[in-house]
Amino acid sequence: MRVVITGANRGIGHELMKVMQASGADVVGTARDVEGYLPLDVTDPNSVRTFATRIGPDPVDALVCNAGVYFDKHESLENGYPADMWADTLAVNVTGVFLTVQALLPNLRKSSAGKIAIISSTMASQERAPGGSYIYRASKAAALNLGRNLAKDLAKDTISVGIYHPGWVITDMGGSDADIEVEEAALGLKDQINDLSMAKTGCFENWDGSPHVF
């Protein structure tokens, strides 16, 4: 099984790469500029095209769109959330997902059962909307919507798409007060990605496989 994981140099992406490698998968991890990873800036179309060339023509069985940013944790509604913060966040969390999927479609189509896993968040939920973090919430809701529509369009290619909440994880992004360790989240996500199929395409699930509220 050949797997590509974006943003694999830290946090959930790094741990997911480790557990998938331990299970025998051939994992390609990416990072913007970190030694030991294939370089990929998901916001830069040229970088995405170069990355796809480096991957080569061989099949990719699973693409995990994990790269993400969260800039607006402490912004004020009255005078925060500047326009460039919106643009920078959406470029990574939404456009970057689409560009990566688009570039690796030929490889995914060569797999006998290609899979795309989009790491979204509970903060994408329309029902669970406690306010704040407007940019991050909007970006993850857009990534969820993107995944649901990709599932529809890629069904003819038998490429399944799953959208996942990794849990509130103790990472640099999640913070030290989060609920679960990164190892537990990564193991759960690995199981859900392995279990992803056309019967589940378009799903929005938690890291443990339980359905998530849209």
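Residues numbered from 1 in each chain as written. Predicted model: local features only at pLDDT ≥ 70, side-chain atom pairs only at ≥ 80, totals over all residues. Heavy atoms only, no water.

**Student:** Can you break down the overall build of the protein residue by residue, with the values?
**Tutor:** Within the protein, the secondary structure is distributed over five helices and seven strands. Seen in sequence order, the protein has helices and strands lined up from the N terminus as β-α-β-β-α-β-α-β-α-β-α-β. Against the globule reference of 17 Å for 214 residues, the protein gives a C-alpha radius of gyration of 16 Å, in line with a compact fold. Here the protein, with 214 residues, has 51% of them falling under the buried criterion. (Helix = DSSP H or I, 4+ residues; strand = E, 2+ residues; numbered from the N terminus. Rg over C-alpha atoms; globule rule 2.2 N^0.38 Å. Buried < 20%, exposed > 50% of the residue type's maximum accessible area, 1.4 Å probe, protein only.)

**Student:** Can you explain the packing of helix α3 (residues 83–110) against helix α4 (residues 134–154)? Please cite residues and give values.
**Tutor:** At their nearest, the axes of α3 and α4 sit 8 Å apart, and the two run at 20° to each other. Comparing their axes, α4 and α3 come out roughly parallel. As α3 packs across α4, the resulting crossing turns out to be right-handed. On the side of α3, the interface is formed by Met 85, Trp 86, Thr 89, Leu 90, Asn 93, Val 94, Val 97, Phe 98, Val 101 and Leu 105, while α4 contributes Tyr 134, Ile 135, Tyr 136, Ala 138, Ser 139, Lys 140, Ala 142, Ala 143, Leu 146, Leu 150 and Leu 154. (Axes fitted to C-alpha atoms, helices over the stretch in contact; angles between N-to-C directions. Parallel < 35°, antiparallel > 145°, perpendicular 65-115°, else oblique. Left-handed = near helix turned anticlockwise from the far one by under 90°. Contact = heavy atoms within 4.5 Å.)

**Student:** Any chance you could break down α4 for me, citing the residues and the numbers?
**Tutor:** In an α-helix, one turn spans 3.6 residues; hence positions three or four apart end up facing the same way. Between its first and last C-alpha atoms α4 spans 30 Å; for 21 residues at 1.5 Å apiece the expected length is 30 Å, and the two agree. Looking only at α4, the buried set comprises Ile 135, Tyr 136, Arg 137, Ser 139, Lys 140, Ala 143, Leu 144, Leu 146, Gly 147, Leu 150, Ala 151 and Leu 154. Tucked into the core, α4 has its buried residues touching α3, β5 (115–119), β6 (160–165) and β7 (203–206). (Expected span 1.5 Å × (residues − 1).)

**Student:** Outline the sheet that holds β6, supporting the account with residue identities and numerical values.
**Tutor:** One key point about sheets: their strands pair by backbone hydrogen bonds, in either a parallel or an antiparallel sense. Taken together, seven strands build an open sheet; the order of strands is β3-β2-β1-β4-β5-β6-β7 and the sheet is parallel. The open sheet terminates on both sides in strands that have one partner only, identified here as β3 (38–39) and β7. Taken together, the four bridges between strand β1 (residues 2–5) and strand β2 (residues 26–31) define a ladder with parallel strand orientation. When the bridges of β2 are listed, Val 3 appears paired with Val 27. Where helix α1 (residues 11–22) meets the sheet, it contacts β1, β2 and β4 (62–65), and its direction lies at approximately 170° from that of β1. Contacts between α3 and the sheet are confined to β1, β4 and β5, with β4 contributing the most and set at about 175° to the helix. (Pairing = 2+ DSSP bridges.)

**Student:** Give a detailed account of a negative patch on the surface, specifying residues and quantitative values.
**Tutor:** Taken together, the side chains of Glu 181, Glu 183, Glu 184 and Asp 208 define an acidic patch exposed on the protein surface. Its place among the elements puts Glu 184 in helix α5 (residues 182–195). (Patch = residues over 30% accessible without salt bridge, like charges linked within 9 Å, V, L, I, M, F, W, Y side chains within 5 Å. Areas by Shrake-Rupley, 256 points an atom, 1.4 Å probe, with all protein chains shown as cover. Salt bridge = Lys/Arg side-chain N within 4 Å of Asp/Glu carboxyl O. Lys, Arg positive; Asp, Glu negative; His and termini not counted. Charge placed at Lys NZ, Arg CZ, Asp CG, Glu CD.)

**Student:** Please provide a residue-by-residue account of the nonpolar core, values included.
**Tutor:** By size, the foremost hydrophobic cluster in this structure holds 32 residues, and its most contacted members are Val 4, Ile 116 and Ile 118. Ignoring anything within four residues of it in the chain, the contact list for Val 4 reads Val 28, Thr 30, Phe 51, Ile 55, Val 60, Ala 62, Leu 63, Val 64 and Leu 104. Grouped together as the second largest cluster of nonpolar side chains are 26 residues, Val 19, Met 20, Ala 25 and Ala 186 included. (Core = buried A, V, L, I, M, F, W, Y, C linked by side-chain atoms within 4.5 Å.)

**Student:** How would you explain unusual backbone geometry if you had to name every residue and give the values?
**Tutor:** At Tyr 81, a position not held by glycine, the phi torsion is positive, near 55°. With respect to the element layout, Tyr 81 can be found in the loop between β4 and α3. At Ser 133, a residue that is not glycine, the phi angle is positive and equals roughly 45°. Along the chain, Ser 133 turns up in the loop between β5 and α4. Residue classification places Ser 133 among the buried positions, given a relative accessible area of 8%.

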